[in-house]
Amino acid sequence: NVELRRPLFVARILQKRLGYTAQELDVIGQDVRTMQGTGNPHKLAKIKAGETVLDLGSGLGADAFLAAHSVGQDGRVFGLDLSQEHVSQAQHRAEERGVGNIVRFVRGDMEHIPLP
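Residues numbered from 1 in each chain as written. Predicted model: local features only at pLDDT ≥ 70, side-chain atom pairs only at ≥ 80, totals over all residues. Heavy atoms only, no water.

A few words on helix α4 (residues 62-71). With respect to burial, α4 is a largely interior element, eight of its ten residues being buried. Three or more residues of α4 are buried, namely Ala62, Asp63, Ala64, Phe65, Leu66, Ala67, Ala68 and Val71. Contacts made by the buried residues of α4 are with α2 (22-28), α3 (42-45), β1 (52-56), β2 (76-81), α5 (84-97) and β3 (103-107). At the exit of α4 stands glycine 72, carrying a positive phi of roughly 70°. (Buried < 20%, exposed > 50% of the residue type's maximum accessible area, 1.4 Å probe, protein only. Helix = DSSP H or I, 4+ residues; strand = E, 2+ residues; numbered from the N terminus. Contact = heavy atoms within 4.5 Å.)

Dropping the structure here:
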């Protein structure tokens, strides 16, 4: 598993500066410490219940977990990443978080997405 060295409060401060709300960070929880810090795609996405979301470059899954919260039990979230290690760890975290039935992580290149 990824070592979580960054203190939680520091990670929350950094992600707030990138546009995440306190409510979104509460949903992300401890996984905020694994975020890479590229910005908040949820700010403009306006994800709704029941939708299907594709998270390109999903890394360790924090944004996908936030999307799962938005789509609910009737929606689906696919996370795509080049790193098999990230895909495996993210899927493991999805199971631990109880969203493994909503979120699926796959290894692949965004120019050749391995989804139907």
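Counting residues in each nonpolar core, the largest one holds 14 residues, and the members touching the most others are Ala68, Val77, Ala94, Val99, Ile102, Val103 and Phe105. Only α4, α5 and β3 provide two or more residues apiece to this core. It is α4 that provides the largest number of residues to this core, a total of five residues. In this structure alanine 68 touches Val77, Val99, Ile102 and Val103, once residues within four positions along its chain are discounted. If you look at the next biggest cluster of nonpolar residues, it comprises eight residues, including Ala11, Tyr20, Ala62 and Leu66. (Core = buried A, V, L, I, M, F, W, Y, C linked by side-chain atoms within 4.5 Å.)

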